[in-house]
Structures are given as structure tokens and as C-alpha cells.
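Spelled out from the first residue to the last, the chains are:
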Number of protein chains: 2
Amino acid sequence: MSPRKKEQQKESEKKKKTASDKTARETKKKKPDATQKKSKPKERKAEIQPKVRVIPLGGIGEVGKNMTLVEYGDDIIAIDCGLGFPEDDMPGIDLVIPDFSYLEANREKFRGVVLTHGHEDHIGAIPYLLRSFNVPVWGTPLTVGIIRNKLKEHHLPFSPQLVTVHAGDKLKIGTFDVEFIHVNHSIPDACAIAVGTPCGTILHSGDFKVDVSPIEGDMIDLTRIGELGRRGIKLLLCESTNAERHGFTPSERSVGGVLENVFAANTGKRVVVATFSSNVHRVMQIISISARFGRKVAITGRSMQTVIAAAIELGYMTPPPETIIDVEDAKAFPPGRVTLITTGSQGEPMSALYRMTFTDHSPVTLGPSDVVVFSSSAIPGNEKLISRIINELSRNGIRVIYDSVYSGVHASGHACSEEIKMMIRLASPKYYVPIHGEYRHLSANREIASFVGIPDDRIITADTGSVIEFDKKTCALAGTVPSGRTLIDGLGVGDVGKAVLRDRRHLSEDGIVIVFASVDLEARLILTPPEVISKGFIYLPDAEELINETKNTAANELAEAIKGYGKHPALETVKERVRRAVLRLLIAKTGRNPMVIPLITDL
Amino acid sequence: MSPRKKEQQKESEKKKKTASDKTARETKKKKPDATQKKSKPKERKAEIQPKVRVIPLGGIGEVGKNMTLVEYGDDIIAIDCGLGFPEDDMPGIDLVIPDFSYLEANREKFRGVVLTHGHEDHIGAIPYLLRSFNVPVWGTPLTVGIIRNKLKEHHLPFSPQLVTVHAGDKLKIGTFDVEFIHVNHSIPDACAIAVGTPCGTILHSGDFKVDVSPIEGDMIDLTRIGELGRRGIKLLLCESTNAERHGFTPSERSVGGVLENVFAANTGKRVVVATFSSNVHRVMQIISISARFGRKVAITGRSMQTVIAAAIELGYMTPPPETIIDVEDAKAFPPGRVTLITTGSQGEPMSALYRMTFTDHSPVTLGPSDVVVFSSSAIPGNEKLISRIINELSRNGIRVIYDSVYSGVHASGHACSEEIKMMIRLASPKYYVPIHGEYRHLSANREIASFVGIPDDRIITADTGSVIEFDKKTCALAGTVPSGRTLIDGLGVGDVGKAVLRDRRHLSEDGIVIVFASVDLEARLILTPPEVISKGFIYLPDAEELINETKNTAANELAEAIKGYGKHPALETVKERVRRAVLRLLIAKTGRNPMVIPLITDL
């Protein structure tokens, strides 16, 4: 087939795709019928079968930024499209998203995104993806609801194709048979995703735990995973977040019992509970317990209010009537009659809890008649932020309850070692890829898989950008594609890179010293002698002597430099000489290495 | 007594003091005799008794920088003089030491420093203190040995008065009876310190644990603490580091058993153990186990080598003959015959472990025939640094063993709740002050004291700089003294303060944009039109358009500014207008808030 014809065929396929997406969107509350699955003719039968390529674009060797591509022939789908958070060495960066350049280069193959659940590290980069790719996005109702909310802040030039599906749904996307499988997690409506390909089935675990007593809905669909396992799973991609932890993750329900004790022991106090806004079941438990203790519940923090409103609207939460009241109205009730549910469990500056702890301009003021409960754990890297709040509350004599002093006040949403083993045994995959975690977690996951009998040479250690390629017989790493981090700073997407970050780190370590002067190079004259200003280097009022020395050094060097050359001393050379002389002096005098900028103007 | 006479009396007392210090120094290996204790005449008997003042200058509301003053009449002694580490919001700062200004203001009263043990957070600020105060420093042999080593890098203009004492020793320092009491901790030779004053006895716990089976030496001297308790302790200052942890800290000896299992399971591999260099007993256990398994032991990392050499010399460590070999010689042995003990357990960049993990220029290269053991825990704030190493090793297929995957491979040196309770019950103090910890730890310690029956109004919540004042009857907070943090950056001590740090944080977030131009204000002319350079703001090669816009905005505003005023537009006003106009543009275009510096020269 000529390239031209291929192009046309792709175009026509794309049109079919769009049409079928619309159907899916319109029938979002119905199960798709079986015929839809087989509607696409197998046009490529006569061709040589290409291999399936599985490409993680994030989530390997890092926490967050989860995104995995599945590619076969002319089709690519993405599973999840999450954001990551900046590392300590990325000052000023707000967010990190996957590098989409492989998708840019294969734009015409890209059929859309299927989502496992509504956490930021799985959906947060969707708004940025949609800026460049108007593709359909499939997710369960809560997941789609959260994205719809997010997209209000981003102004897309088109109406995005958000398609609601349910656990158990099966879709045909391009050549792939995609199935959503119910799992337990710290947000409702979470799924694992099975992708049927011409070369075998891929199972992507999403984020999961095995909760035998969930607050609502069923236990993870172990039966379906087992069925797929019996039919044969080629490749299991399994999350690693808690792979270092032995045993089983406690059930979400167990947290309710512990919180009940906290409420029972603090009947005269207002109970302020900080938790993850997306943990709808946790929030529901707090509301139910409060109602049983005769308390009204007020919600603070924008994301908490948004998620609870969405959860109530979508039917994920049914608080007893008249339990939820406005924060302002809560002031009329005695402390023992009020519960406050708040954001800020990660110590986020400017979260509701942060504001009520540190600032005067919060609608809520905390005092000794409050007990503050962190029904949460620290996302790695947030320990110090959380400590700041606990410390300030403790200092002010406010009782704080958190997992390291009060066991069971939180339960994780991620599988520990035994649950991962169960997933592997049920899926009994031919090949295994640990995903979602730093290398230490991936490595612990690898040991778990090895323990339950996956041969070491079938456990694939991938990296972000690795291509895992399989056909009906083999499966192996096969090179890499462009991948990495795109940094978001303010409105900028990708305009801050390594060089800018290096400068920021340098500036933050020792500050900047600017030496400015003007000269007439032609006439070899200094017109205005060097002045020095500095920022972030030294406390200037006490450093007069050093600044004078710096000016003198700069003046001497400048005089030398404009004299010392042949007919035309180059301005760049003059600048560099002044920079070096000043830096030498400052290192010797202060032991610091500031950025020195020589601004010498040739008039 | 006239002020003049008082002054003279102080002078004469000081001379006596110095003389008695010398005695103590010269007799350092002997127990001081009983007469020395009573040698000082009670000259002040006829006067009205002043109150005793206990003043923490650090270690309250923070981890590290431990230092507490005890003051009575004309005498002040300090217990410990430690350093702290910079917080995340102190970029570029190397170290933090206590603010000594209260001592400066009371220089003539200052009789010296008694040290509990040789950890940096208890002795690290001694070299900086000695720069300003040539006072005696008393400590046990290992503590003094470590300081002696540290002082080699600092060039003091005098020979410091380092006085060696032993647990059980009693000294008279000024009016105070000072007694060193043996405790268990993660460094040998650690002490609690009792200070007898005319108004009652103070017990300072130092850092301690109750180890019923220490590797060498006795269990903590519970008997002596109990004796002092029976006689009556007025004030117990007790450490809080592990107050959040329930139960008892495991014995150091238990770690040996666990490490033995690690060695038994890895007989064919080189075992690389990272631990705290000052944990002499841990290092000794690793050496002994290695010898039993027929391994040679090589030591890497400067601080590890220094401490082990000192420990062997002072008799704290007696490795089996010919066990310790040079790192270079270790290469001749097969992996299963070698143990490597290394620094870097906190992930410190440029530590030996860091270098062998990340760099090519290390004498040791790690590979699959190594197993790396972290026999340590993370000091809060170091989690990410440690993770970086674990991740990199995991990524390279090297097995890593650390406390969260292999329980018991480390034991803390600090008392958990039950040990703190034991300390309180034995000392049965009248008043109680939690020290050494963030407010969350102090708060947990307060709850422990309350649990064992100290009335809430006798548990004193102090702060750094608080004055705890007591006489024979009462004890209460009585104001504050100047206190805080002195920041060390390079060679500078205290020349970086809040304003400089604020600038550094600002620079690190969004970088700097410098607009420079020259004008003739008199003639209202722009001589050189605005140029723009930036650092840490945006990737310049891709931002040409924005830079041009910035230049234009600056040029327009500059033109307006020099025209728009009356006869003499002030240069400062012109600069400020340009700064604002440029900043407005940049915020609108990028969503960032860089530091904008207008350098406008009036020629």
C-alpha cells in the first residue's frame, strides 16, 4: 500500500473511531452491547503482524506522572496521564508532566486515553495532553467528574471527548479490546485495565488494594482477574507503591472503628479531621460517625468542598439529612457538637488547615477546645510540611492525633506484599513488569514476584521510555523512545529546563552580585566607575567594607582590562576579566560562590 | 556592696576559677578528690539568695542545636553546645549554631561548658563558642577526643581548655556541684548531668536509652538517678526525641543478631554496611561478626576512619588482630571474604557511600556481588537523600537492606515512652521540662510525664530563650533572654539573616531579570536604551519575543518616566516605574514573579 493510501485509510479509521466514541459517550450509563466489540473489520489480517509495544512514559523510578502507552500497528492508547511533583532540585517548578513527544511523532495513531482512577498522579496531566491532542478520554463516573471540574480552569478550544464507562465495561478502541475491572483503592470507582491485543492480553493493575470489607461497593473483582488469568495473561503491569510493606493493608472499614474511639474520647471537643479530599469513603465514614455522635459537619478547603459536592451529586455519598452545615453556621454550635473536615493533610501551604494553624485570616480559629486528627499518611517528601503544622498546633497546646502516635487512624489504598502476591497468583502472567514507584519499590516488587514463582528472566525491569515488545512467543525490552519530564512553571509548559534550574539552584545557594559600569572602549576610558549590588549574598548594611573592596577590585581590573589589550579590547573579554577578579575576591573573603554578573556598557 | 567592689570580687573569683580549672585539667585521668568539691568558700551566705535560672538556648522546638544554661548569682555554666542543620527555607546555609548574645552580655559570669556526649548536635558549636570565649570544656574521654579532632580544622588563637572527666565524677564549677552520670546512647561515654545548686538539684538527661544488655560497659546508672531522686530533684530536663514511640527501644545487642542473619544469608557477597561513624558499638559489632565469618574489614569515609582510629586508641574498640585492612588491599580478597564499613548512611552527598553509588572516581565500585546494608535510620529531613542512594543501587540490581524492609537492622539510641517513664519515676522531680525535640515530640513527652503523675502545672513548656526560674519554693517561667539561630554560610558567621534568605528563596523560585540602561535625567534623554538579561527565569534562546517585549515595555516606561515628572525626575522614581512595568508584563505573560532589578545610570 502506498504511503498516500495508508494515510487515507488512517483518516477513514479515525472517522469511524470518532463515531464510535460518540456512541460510547451517549450510552454512558448503559453497558455497551457485545456487537460493538466486534464492529471493526479485521482489515490487517493479510499483513505481517507487528509486535505489541508497551511503553511507560512515567511512573517508573518515580512516584507519580503515571502513564503507559500500548501500541500495535496503527493504534496507540494511553493508560492514565498523571502529573508528578517537582523534586527538591527543581525550585520554582509547580508541576511535572510526561514528555509527550513520542505521541507528537505518532499523532495519527493515538486513539485516546483510558483512566484507572481519579487521582492527580493518574489524571492530572490530561488538561495538558488535551491542549495538543483532541482525543477521547474514557473513565468511570467519578474519574470523569473530577476531570470535568479540572478542565473548567483550563480553556480548551474545543469540547473535550470525555466518555463515562463502568467497571465491567468492555470497549473496542482501535485494535484493542479494553476492559475495566473493579479494584479497591482510596478513591471510589478505581479500575484495573485489561487490554486484549492480537498477541495476548495485558493486565494493568492500576492502583489497588484488596479490601474484604469496603465501605461501599464490592471487593476487588478477584474473580474476573482469575478468569483472565486462566485464559492467559501475557503481561502483568503491577503497582509497587507499598511493595516494601509486609502483610496486608488494613481495610478502610478498620479506620472507622479507630475514628469512633477518637470521637468517643473527645466528646466535649470540636474534632477537626484532615484527610485526602478524594478519599470519599473516609469522608463518608467521618460524616456517619459524627452524625452518630450528634455532631454537625462543616467542610473547609476548596478541593474538599468540590469533591464532596461531586460525590453527593454522583451518588457516591449519602450524608444523613441536615448533617452538613456551613462553616460560618458551625460557630453557633458548642465544640462537642461540631466536626470539621478539612484539606491540608499534606501540610500544603495555603490549605485550609495550614491557614487555620498559621494565619489570622481564616474563618476557623483553633484552640484548646479542638482536637486535630490527621486521617492520612505523608506522601514522601511532605513529611516536613506536615511536621510544621503538627509542631505549631502542639506548641499552642492543641492535641494532635496522627498515625505515628495513634495507630490505625489511617489505612493505605495500596497493596502490600501479600496482596501483590495474590494479584500475581490470580493473573498468573507470563511476564511481569513492576510499575508505579521509585526503584526501591520496583525492586521490592520484583522480589515479591520472584517469591511467588515468576522466573527472574520474565520479570522485566523497565524504565520510563523503555519499549517492552512482545509477539505471540517472546517478550523483551526493545530500545527506548523519547521520554522525560516536562516542567510546568506558572503559565509556561516546558520553557524551564536544566540550565534555568541550574541557575536557580546557584542563585539560591549564594545569591547574585552585579557589577555595573560604563566605558568607552575606543577611548579606553571608564565613564562610570563600577558599582556593585547584590541580592541573596550577604547582609549589605554590615558588609560595607567588602562592597568597597569589591568595587576597587572591579575598578582595578577594569582599568587593566581596557588598557591591557591591543587596539580593540573585546567587551566580552573585559567583562569576563572583571567577573573572575570579583569572584576570586568574594570566594576568598566569604567562602561563598555567588553568581557574578558583569554589566559593562560600551557607550 | 558597691558595684565597684562587686566587680573586684568577680575578678578574684575568676582567678580562683581558672586555677581550679587547671587542676581539673591536670588531673584528668584521676577521680577528683572530695576536698576539691568543697574548696570554694561560701562567700555569698550573707547576701539575699538569688534564684537559679535555667535557660535553653537551643534544642526546644527543633532537632539539634542543643544548649542549656544554668545560672545562679555570678555563675553561668552551659550544658552542651551543639549545632543544628539548616531548614529547607535556608538555602545555601551550611550550619546553624545557637545565638550566644546572652553569654556575650554576661561574659564575666561564664564558667564553662559541660558536655553530655560527643554527637554534633551537642558539641558541634564548641569551635564557634571558643572563638569568643576561652572557657574550660568538660567531657568524657571520647567526647573530648572528638572535639580535639574537630578543633584541628579551626584555628584558635589559644590552646583550648579541654578537661577530661568520667561518669561518676563530681566537680565544683563556680557555685555548682556538677555530677556526670553514666547513660546508654548510640555513642559510648554518654552522660546525664546533675547540677546541684543552692536552690535544689537539676537533672539533665542528656540523650539516653535504657539498654539492659549494652555491648560494652554498664547499663545506664539507674541506681544513681534513683539515689538523687530520693534526695530530691527539683527539675528534670528530659529528652523527647523518641517520645512519640511506644514501648522500649531495643538493645544495641539485638542489632548484632539481625546483622548476623544478614551475613549468614550473604556468604558469597561483599557486605557493605553504612552506619553512623560515632556509633562505636555498632561498628565494633560489625567487625566482630565479620571476623567470625572469616571476613576482613575495610573502612571508608573520612569521619568513619577518624572515629575508629580514635576509638581504638582510647580503648573503646578492640578489633581482632589483622581484621582491619586497607580498602585498596581489600580488592585482593573475594567478595565473600570482605566487609566494608562506610559513611553515608544519611545519604550525604560526597560521603563514601554516595561516591561509590553515583561516581566513577571512587576506590570502591559496587556491583551485583555486593549487598548494601543501612544499619541506621533517617534523621528527619534526610529521607529523600537516603532514598536517592537506595533507588540508584536498586536500579543497578544491587540488593539493599534497610530498616523498612528488614526489621531490626538498626536500633535507636533514644528512650521511647517506657524508658522516659522510668527516668521520671526514678528521678521523681518536682518540676519537669521536656527538651530536645520539635514541639510534637515535646508535646508527646509532656503527655508521658502527665501519665506517670507529674501534675500538669509542674510540667513546664519552655521555648528556646525561655528563663525557667526557681528558688527553694517555687519554679516558673520568668521572661526570656535573646536567643535564636546564628547561620553559618561559608566563612561567614551570622552575616546571612532573614532578608538575605528571603532574597535567596525569591531568586530560586523565579530567577532574576535585570534591566539596564543609561539616561541623562537633566537633559531628559535615554543614552543607551534598555537591555535585558535574566538568570533562572526562562530558557532564553526560546524566549526572544518575550525579551523584546520586555525591552520595549522598559523603553516606553523609561521614556514616560523621564518626561512625565517636573523639573527633576528622581532616579529612584524612574527605576521603580520601570521595575513595576516590567514585572507587570512578565507576570501577565509567564505567570511567574521574578526579581526585577532596574539598573538605570544617570550619566
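This structure is a prediction, so every number in the text was calculated from the model and none was measured.

Caption draft 1: Representation of the sheet that holds strand β4 (residues 95-98) of chain B within the structure. Residues and elements named next belong to chain B. With respect to topology, 3 strands assemble into an open sheet ordered β4-β22-β23, the strand pairing being antiparallel. At either end of the open sheet lies a strand with only one pairing partner, and these are β4 and β23 (492-493). Pairing geometry for β4 and strand β22 (residues 485-489), over 4 bridges, is antiparallel. Residue Leu95 lies in a different strand from β22, and its bridge partner there is Ile488.

Caption draft 2: Region of the structure containing the side chain of Lys150 of chain A. Residue and element names in this part refer to chain A. You can see Lys150 is positioned in helix α6 (residues 141-151). Of the residues examined, Lys150 reaches a relative accessible area of 17% and is grouped as buried. Excluding anything up to four places from it in sequence, Lys150 contacts Glu120, Ile123, Gly124 and Pro127.

Caption draft 3: Up close: the packing of helix α8 (residues 252-265) of chain B against helix α9 (residues 280-292) of chain B. All names here are of chain B. It is the contact of α8 with α9, at a shortest axis distance of 10 Å, that shows an interaxial angle of 35°. Read as a crossing pair, α8 and α9 show a hand that is right-handed. Touching Glu252, Arg253, Val255, Gly256, Leu259, Glu260 and Phe263 of α8 are His281, Arg282, Gln285, Ile286, Ile289, Ser290 and Arg292, all from α9. For the contact of α8 with α9, the per-class residue count stands at 5 nonpolar, 4 polar and 5 charged.

Caption draft 4: A look at a nonpolar patch on the surface. Side chains of Leu525, Leu527 and Leu603 of chain A together with Leu525, Leu527 and Leu603 of chain B sit close together on the surface and give an oily, nonpolar patch of about 480 Å² of accessible area. Put simply, the parts of the chain that give the nonpolar patch at least two residues each are β25 (525-535) of chain A together with β25 (525-535) of chain B. Mapped onto the secondary structure, Leu527 of chain A falls in strand β25.

Caption draft 5: Region of interest: empty space enclosed by the protein. Applying the stated criterion to the full structure yields 6 cavities of 30 Å³ or more. Counted as a void, the largest cavity has a volume near 120 Å³. If you trace the largest cavity, you find 14 residues lining it, with Ala517, Ser518 and Thr601 of chain A together with Ala517 and Thr601 of chain B closest to the centre. At the level of elements, β24 (512-520) and β26 (595-602) of chain A together with β24 (512-520) and β26 (595-602) of chain B are the ones that each hand at least two residues to the lining of the largest cavity.

Caption draft 6: Here's a closer look at the packing of aromatic side chains. Under the criterion given, the structure shown has 6 aromatic pairs over all chains. Measuring from centroid to centroid gives 5.9 Å for Phe263 of chain A and Phe293 of chain A, while their planes differ by 35°, and the two rings are tilted. In this pair, Phe263 of chain A is assigned in helix α8 (residues 252-265) and Phe293 of chain A in the loop between α9 (280-292) and β14 (296-300), connecting sequence segments 30 residues apart. If you follow Arg388 of chain A out to its NZ or CZ, it ends over the ring of Phe358 of chain A, 4.9 Å from the centre. Over the ring of Tyr431 of chain B we find Arg458 of chain B, and its NZ or CZ is 5.5 Å from the ring centre.

Caption draft 7: Focus on the relation of the copies chain B and chain A. Least-squares fitting of chain B to chain A yields an RMSD of 0.3 Å, with the transformation described by 0.1 Å of translation along the axis and a rotation of 180°. On the angle and the small slide along the axis, the relation comes out as a two-fold axis. No C-alpha of chain B lies nearer the rotation axis than that of Ser508 of chain B, which sits 2.4 Å from it. When you check the interface residues of chain B against chain A, 100% turn up at the interface there too, and the contact is symmetric in its surfaces.

Caption draft 8: View of the state of the cysteines. Scanning the model with the defined rule gives 0 disulfides over all chains in all. Between Cys81 of chain A, a free cysteine, and Cys191 of chain A, which holds the nearest cysteine sulfur, the sulfur-to-sulfur gap is 17 Å.

Caption draft 9: Structural context of the sheet that holds β24 of chain A. Residue and element names in this part refer to chain A. In space, the 3 strands of this open sheet follow the order β25-β24-β26, with mixed pairing throughout. Single-partner strands in this sheet number two, and they are β25 and β26. Mean inter-strand twist for the sheet, computed between neighbouring axes without regard to direction, equals 15°. When β24 meets β26, the two strands line up parallel, connected through 8 bridges. Bridge assignment links Phe516 to a residue of β26, and that residue is Leu599.

Caption draft 10: Broad picture of the pairing of strand β12 (residues 233-239) of chain B. Residue and element names in this part refer to chain B. By the criterion of burial, β12 is predominantly enclosed, with 7 of the 7 residues buried. For strand β11 (residues 200-204) and β12, the ladder comprises 4 bridges, and the chain directions are parallel. Residue Ile202 lies in a different strand from β12, and its bridge partner there is Leu235. Examined bridge by bridge, β12 and strand β19 (residues 431-435) share 5 bridges and lie parallel to one another. Bridge pairing in β19 links Leu236 to Tyr432.

Caption draft 11: Fine view of the interface of chain B and chain A. With 59 residues of chain B at the interface, the matching set in chain A holds 59 residues. When chain B packs against chain A, close to 5,100 Å² is buried across both sides, 56% of that on carbon and sulfur atoms. If you look at where chain B meets chain A, you find 10 salt bridges. Note that Arg399 of chain A and Glu447 of chain B form a salt bridge whose closest N and O atoms lie 3.1 Å from each other. Along the contact surface separating chain B from chain A lie 30 residue pairs in polar contact (both at pLDDT 80 or more).

Caption draft 12: Structural context of the pattern of salt bridges. Residues and elements named next belong to chain A. The tally for this structure, following the rule as stated, stands at 62 salt bridges over all chains. Across the salt bridge formed by Lys109 and Glu71, the nearest N and O atoms sit 2.9 Å from each other. Within this pair, whereas Lys109 is found in the loop between α3 (101-105) and β5 (110-114), its partner Glu71 is found in strand β2 (residues 67-72), the two being separated by 38 residues in sequence. Each member of the pair, Lys109 as well as Glu71, is classed as buried. Its salt-bridge partner being Asp370, residue Arg270 comes within 2.5 Å of it at the nearest N-O pair. Taken together, the residues Arg270 in strand β13 (residues 270-274) and Asp370 in strand β17 (residues 370-374) connect sequence positions 100 residues apart.

Cut-offs used in this document
- Residues numbered from 1 in each chain as written.
- Chains lettered and ligands numbered in written order.
- Predicted model: local features only at pLDDT ≥ 70, side-chain atom pairs only at ≥ 80, totals over all residues.
- Heavy atoms only, no water.
- Pairing = 2+ DSSP bridges.
- Helix = DSSP H or I, 4+ residues; strand = E, 2+ residues; numbered from the N terminus.
- Buried < 20%, exposed > 50% of the residue type's maximum accessible area, 1.4 Å probe, protein only.
- Contact = heavy atoms within 4.5 Å.
- Axes fitted to C-alpha atoms, helices over the stretch in contact; angles between N-to-C directions.
- Left-handed = near helix turned anticlockwise from the far one by under 90°.
- Nonpolar A, V, L, I, M, F, W, Y, C, P; charged D, E, K, R; others polar.
- Patch = residues over 30% accessible without salt bridge, like charges linked within 9 Å, V, L, I, M, F, W, Y side chains within 5 Å.
- Areas by Shrake-Rupley, 256 points an atom, 1.4 Å probe, with all protein chains shown as cover.
- Salt bridge = Lys/Arg side-chain N within 4 Å of Asp/Glu carboxyl O.
- 1 Å grid on protein atoms, 1.4 Å probe; cavity = no way out; pocket = protein on both sides within 12 Å on 5 of 7 lines; lining within 4 Å.
- Points joined across faces, edges and corners; volume = space filled by probe spheres on them.
- Phe/Tyr/Trp six-rings, centres within 6.5 Å; stacked < 30°, edge-to-face > 60°.
- Lys NZ or Arg CZ within 6 Å of the ring centre and 35° of its normal.
- Least-squares fit on C-alpha atoms with pLDDT ≥ 70 in both.
- Disulfide = S-S within 2.5 Å.
- Buried area = accessible area lost by both parts, 1.4 Å probe.
- Polar contact = N/O pair within 3.5 Å; in protein donor to acceptor, adjacent residues only side chain to side chain.

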